[in-house]
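# Structure at a glance
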Amino acid sequence: MQLKIYKNYQSLSAHISDEMIALIKHKPNAVICCASGDTPRLTCQLFAEKATTQKIDTSKFTFIGLDEWVGIPSDNEGSCRYFFDSLVIKPLQLATSQFHFFNALSNDVVAECKTMDKFITDKGGIDLMIVGIGMNGHIGFNEPGVSFDNYSHFIQLDATTITVGQKYFKDNVSLDKGITIGLQHLVESKEVILIANGLKKAAVIKTAVEGGLSNSFPATIIQKHPTGVVAIDEEAASLLSR
Ligand code: PGA
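Residues numbered from 1 in each chain as written. Predicted model: local features only at pLDDT ≥ 70, side-chain atom pairs only at ≥ 80, totals over all residues. Heavy atoms only, no water.

Structurally, threonine 39 can be placed in the loop between strand S2 (31-34) and helix H2 (41-53). According to the relative accessible area criterion, threonine 39 is buried, its value standing at 8%. (Helix = DSSP H or I, 4+ residues; strand = E, 2+ residues; numbered from the N terminus. Buried < 20%, exposed > 50% of the residue type's maximum accessible area, 1.4 Å probe, protein only.)

The next subject is the site of the ligand. The immediate surroundings of the ligand are formed by Gly37, Asp38, Thr39, Pro40, Gly132, Ile133, Gly134, His138, Lys167, Tyr168 and Lys201. Between the ligand and the protein, one listed contact pairs an oxygen atom with a side-chain N or O atom of tyrosine 168 at 2.5 Å. In this structure, lysine 201 approaches the ligand through a side-chain N or O atom, which is 2.7 Å from an oxygen atom. Relative to its unbound accessible area of 280 Å², the ligand is 88% covered by the protein chains. Split by residue class, the shell around the ligand holds 3 nonpolar, 5 polar and 3 charged. (Near = heavy atom within 4 Å. Polar contact = N/O pair within 3.5 Å; in protein donor to acceptor, adjacent residues only side chain to side chain. Areas by Shrake-Rupley, 256 points an atom, 1.4 Å probe, with all protein chains shown as cover. Nonpolar A, V, L, I, M, F, W, Y, C, P; charged D, E, K, R; others polar.)

A one-sided burial pattern is seen for strand S7 (residues 153-156), the buried positions being His153 and Ile155 and the unburied ones Phe154 and Gln156. In terms of strand pairing, S7 meets strand S8 (residues 177-180) through 4 bridges, oriented antiparallel. Its bridge partner being in S8, glutamine 156 is matched across the sheet by lysine 177. (Pairing = 2+ DSSP bridges.)

Glancing now at the nonpolar core. If you look at the biggest cluster of nonpolar residues, it comprises 46 residues, and the most contacted ones within it are Met129, Ile133, Ile181, Leu194 and Ile205. For this core, the secondary-structure elements that each account for two or more residues are S2, helix H4 (109-122), strand S6 (128-131), helix H6 (183-188), strand S9 (191-196), helix H7 (202-210) and strand S10 (229-233). When residues in this core are grouped by element, the largest group, 5 residues, is from H4. Residues contacting isoleucine 181, with those up to four places away along its chain left out, are Cys33, Ile64, Gly65, Leu66, Phe102, Met116, Ile120, Met129, Asn142, Tyr151 and Ser152. (Core = buried A, V, L, I, M, F, W, Y, C linked by side-chain atoms within 4.5 Å. Contact = heavy atoms within 4.5 Å.)

Let us look at the side chain of threonine 180. Following the sequence through the fold, threonine 180 ends up in strand S8. Assessed through its relative accessible area of 0%, threonine 180 is described here as buried. Within the structure, threonine 180 has its side chain in polar contact with the backbone nitrogen of phenylalanine 141 (distance 3.1 Å). Sequence-distant contacts of threonine 180, defined by excluding residues within four places in its chain, comprise Leu66, Asp67, Phe102, Gly140, Phe141, Asn142, Tyr151, Ser152 and His153.

Here we take up the packing of aromatic side chains. Tallying each qualifying case throughout the model produces 10 aromatic pairs. When the ring of phenylalanine 47 is compared with that of phenylalanine 61, the centres are 5.8 Å apart and the planes differ by 85°; the resulting orientation is edge-to-face. Taken as a pair, phenylalanine 47 in helix H2 and phenylalanine 61 in the loop between H2 and strand S3 (62-65) lie far apart in primary sequence, 14 residues in all. Like phenylalanine 61, phenylalanine 47 is buried. Each member of the aromatic cluster is reached from another via a ring pair, and the members are Phe47, Phe61, Phe63, Phe83, Phe84, Phe99 and Phe101. (Phe/Tyr/Trp six-rings, centres within 6.5 Å; stacked < 30°, edge-to-face > 60°.)

Let us now look at the sheet that holds S8. Read across the sheet, 3 strands follow the order S4-S8-S7 without closing on themselves; strand pairing throughout is antiparallel. Looking along the sheet, the strands with just one partner apiece sit at the ends: strand S4 (67-69) and S7. The average angle at which neighbouring strand axes cross in this sheet is 25°, direction not considered. Against the sheet, H4 touches S7 and S8, its axis set at about 135° to S7. (Axes fitted to C-alpha atoms, helices over the stretch in contact; angles between N-to-C directions.)

In this structure the tally under the stated criterion is 0 disulfides. Cysteine 34 provides the cysteine sulfur closest to cysteine 44, a residue in no disulfide bond, and the two sulfurs are 3.9 Å apart. Of all cysteine sulfurs in the structure, the one in cysteine 33 sits closest to cysteine 113, which takes part in no disulfide; the separation is 13 Å. (Disulfide = S-S within 2.5 Å.)

Take unusual backbone geometry next. Look at lysine 55: it is not a glycine, yet its phi comes out positive at around 55°. Within the secondary structure layout, lysine 55 lies in the loop between H2 and S3. One non-glycine residue, glutamine 93, lies in the positive phi region at around 50°. Position of glutamine 93 relative to the elements: it lies in the loop between helix H3 (80-89) and strand S5 (99-100). The exposure class assigned to glutamine 93 is exposed, which follows from its relative accessible area of 71%.

Looking now at the pairing of S2. Of the two faces of S2, the one carrying Val31 and Cys33 and the one carrying Ile32 and Cys34 are both buried. Crossover handedness for the path S2 to H2 to S3: right-handed. Pairing of S2 with S6 involves 3 bridges; the strand directions are parallel. Considered in S6, the bridge of isoleucine 32 is made with leucine 128. (Right-handed = clockwise from strand over helix to strand, strands pointing away.)

Structure representation (structure tokens):
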């Protein structure tokens, strides 16, 4: 596992968006899976801006959303789908065939998971995953106690996720279950970058990087990935002992 520390949120986001651009230049049909949330917001915004200003051919790459709140429609501003629609899909005018998201309103979430897994297999696997870390150590909706061997699955959300998750919504919503790419996908992804910023993430970053590998703190899985990168700002790195 490699640790990369940047001065602040802006330089972290600039670097990660550059990595996305570099990947697409090198491999135009790359498959990128990205988390939504406060951490990747600027990365996604810069990625779309840079791809446009640098006239990068974005017509062949594939974009996958990491997770979704079950039962939250895509036109709700707090949904993961809404996040990607506004920051990536619409600005880059991606064709429908170029992206795949979990349908949060599906009445068959098991089938939804199978469809996602098949989509990833058919594309030849994920080239780059960009994930955040939750205040309970989750990645996507891989909540504490999750099996490291899971592919896509749906899950009862942890109390911390339900409480913290309200920050994405204008009005209070009832959050209960999540649907997510699994940690086995993460292990199999060619590259993985876990990003975090701010003092509030310092303690969880310390556990993810220096704690023992354990499914009670899912983000420790980054230690298991052969080329895993933890890219954080100075504040998020402030409790690390090295
Ligand atoms: P955040 O979410 O980027 O909004 O802090 C991280 C997460 O829960 O994975």
